[in-house]
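# Summary of the model geometry
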Amino acid sequence: MNILAIESSCDDTSAAVISNGKICSNIVAGQLIHELYGGVVPELASRAHQQHIVRVVDKAIQDAKITKKDLNAIAFTRGPGLLGSLLVGTSFAKAMALALEIPLIEVNHMQAHVLAHFIDEPRPAFPFLCLTVSGGHTQIVLIKDHATMEVLGETQDDAVGEAFDKTAKLLGLPYPGGPLVDKHAKLGNPLAYEFPLAEMPQYNFSFSGIKTSILYFLKKKVAENPNFVAENLNDICASVQHTLVRMVLQKLRRAARELNIKEVAIAGGVSANSGLRKTLHEMGEKEGWNVYIPDFQYCTDNAGMIAMAAHFKYLKGDFSSQEVSPLPRMEWG
């Protein structure tokens, strides 16, 4: 059973092949053009997907050591994501499936991030909690089985990944800024500066307030010392990262305690953050959790996770029709 998967929800064009539940290839092409603008430009992203997708798909099939005739299904990200980007992947997948006369499988991008935990050992046992953290999402999800997932809480405004990127922009760091904040944070004192923690009901999050707090903090300090950022960059990054990590993990810990769940995972692009990974492991030891974090290549947007999700759908015969269209705001379920 060979499935080709295509991921094009944002600014990474990716293709992967999964064979009988094992990832055989996972190719990702990034888009450097967005660095010029300090963020993803949707129109430029969709154009770049058109330029990359044929080469990426061809490479994924070659690396898997199969041919197009060996494929049993084509999977693709239906949403959520940027409409233009999703259109490229959806259209390509529909056309290829039609030409090869094989089934089409639609995948929810966020559910795929969760199911990335089933690519390699160790794999979480059901039920488990998953903190999904990325540039567009911050959610605590209860995973009951491969297809049944319930969002317990989510951000009411900005996502934690956006908070990292906006902080980097305020500090004059180039895009994408999140990984650079992490890099500098490793060299700084996480307790050097204190930022307020937003209080939200239940398991929900809010990150707009901390972004505003950081902005006014920097304005005040730079007015006192024009070289403040350059002289204290590592400590600023470490303090911001420490605050953001506390905000997401406090809610995760509360959910785990109240639901009495010991299987805990994280997923999404921000799960590659070293501070989050380290603090989660430390919290897991204190709470008696079994902690699961995907390999780095499966944290950020990639087709490997789409392929894994498609594998479970294929086993159930859960296929899509050729009338399917992208859903930029695709819901869980």
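Analysis parameters
Residues numbered from 1 in each chain as written. Predicted model: local features only at pLDDT ≥ 70, side-chain atom pairs only at ≥ 80, totals over all residues. Heavy atoms only, no water. Pairing = 2+ DSSP bridges. Helix = DSSP H or I, 4+ residues; strand = E, 2+ residues; numbered from the N terminus. Axes fitted to C-alpha atoms, helices over the stretch in contact; angles between N-to-C directions. Contact = heavy atoms within 4.5 Å. Parallel < 35°, antiparallel > 145°, perpendicular 65-115°, else oblique. Left-handed = near helix turned anticlockwise from the far one by under 90°. 1 Å grid on protein atoms, 1.4 Å probe; cavity = no way out; pocket = protein on both sides within 12 Å on 5 of 7 lines; lining within 4 Å. Points joined across faces, edges and corners; volume = space filled by probe spheres on them. Nonpolar A, V, L, I, M, F, W, Y, C, P; charged D, E, K, R; others polar. Buried < 20%, exposed > 50% of the residue type's maximum accessible area, 1.4 Å probe, protein only. Phe/Tyr/Trp six-rings, centres within 6.5 Å; stacked < 30°, edge-to-face > 60°. Lys NZ or Arg CZ within 6 Å of the ring centre and 35° of its normal. Polar contact = N/O pair within 3.5 Å; in protein donor to acceptor, adjacent residues only side chain to side chain. Salt bridge = Lys/Arg side-chain N within 4 Å of Asp/Glu carboxyl O.

### Quick look at the sheet that holds strand β3 (residues 22–29)
Pairing is mixed in the open sheet, where five strands are placed in the order β3-β2-β1-β4-β5. In this open sheet, the two edge strands, each paired with only one partner strand, are β3 and β5 (104–108). Here the strands of the sheet are splayed against their neighbours by 20° on average, with no regard to which way each runs. On top of the sheet, helix α1 (residues 42–63) reaches β1 (2–7), β2 (13–19) and β3; it is set at about 25° to β2, its chief contact. Against the sheet, helix α2 (residues 83–100) touches β1, β4 (73–79) and β5, its axis set at about 160° to β4.

### Looking at the packing of helix α6 (residues 208–224) against helix α7 (residues 228–259)
Contact geometry of α6 with α7 gives a least axis separation of 12 Å together with a crossing angle of 160°. Put simply, α6 runs roughly antiparallel to α7. Handedness of the crossing formed by α6 with α7: right-handed. Two secondary-structure elements touch here, α6 through Ile210, Ile214, Phe217, Leu218, Lys221 and Val222 and α7 through Phe228, Val229, Ile236, Val240, Thr243, Leu244 and Met247.

### With respect to empty space enclosed by the protein
Per the stated rule, a full pass over the model turns up one cavity of 30 Å³ or more. By volume, the largest cavity amounts to about 40 Å³. For the largest cavity, the full set of lining residues is Val160, Phe164, Leu244, Val245, Val248, Val270 and Leu276. At the level of secondary structure, the elements contributing two or more residues to the lining of the largest cavity comprise α4 (160–170) and α7. Per-element accounting of the lining of the largest cavity gives the leading share, three residues, to α7. Residue composition of the lining of the largest cavity, by class: seven nonpolar, no polar and no charged.

### A look at the pairing of strand β7 (residues 138–143)
Counted residue by residue, β7 has six buried out of six residues, so it is predominantly covered. Side chains Thr138, Ile140 and Leu142 project from β7 onto one buried face, and the interleaved Gln139, Val141 and Ile143 project onto a second face that is buried too. Bridge count between strand β6 (residues 128–133) and β7: six bridges; the pairing is antiparallel. Each bridged residue has a counterpart across the sheet, and for Phe128 the counterpart in β7 is Ile143. Where β6 folds back on β7, the antiparallel hairpin that results is connected by four residues. For β7 and strand β8 (residues 149–154), the ladder comprises five bridges, and the chain directions are antiparallel. Residue Leu142 lies in a different strand from β8, and its bridge partner there is Glu150. Counting the residues between successive antiparallel strands, the hairpin from β7 to β8 contains five residues.

### Comments concerning the packing of aromatic side chains
A complete count under the given rule lists 10 aromatic pairs for this structure. Among the aromatic residues, those joined into a cluster by ring pairs are Phe118, Phe126, Phe128 and Phe312. For the cation-ring pair, Arg277 lies above Phe296, with the distance from its terminal atom to the ring centre recorded as 4.1 Å.

### Side note on the side chain of Ser206
Position of Ser206 among the secondary structure elements: in the loop between α5 (178–185) and α6. Its relative accessible area of 10% is what places Ser206 among the buried residues. Within polar-contact distance, the side chain of Ser206 engages the side chain of Asp157 at 2.6 Å. Apart from residues lying up to four places away in sequence, Ser206 is in contact with Thr155, Asp157, Ala198, Met200 and Met247.

### Concerning the pattern of salt bridges
Summed over all chains, the structure comprises 13 salt bridges. We note a salt bridge from Arg47 to Glu43, for which the minimum N-O separation is 3.1 Å. Here Arg47 and its partner Glu43 are both found in helix α1, four residues apart, which amounts to about one turn of the helix. Take Arg47: its relative accessible area is 46%, and that puts it in the partly exposed class. Arg78 serves as the salt-bridge partner of Glu106, at 3.0 Å between the closest nitrogen and oxygen. In this pair, Glu106 is assigned in strand β5 and Arg78 in strand β4, connecting sequence segments 28 residues apart. On the basis of relative accessible area, Arg78 is assigned to the buried category, the value being 16%.

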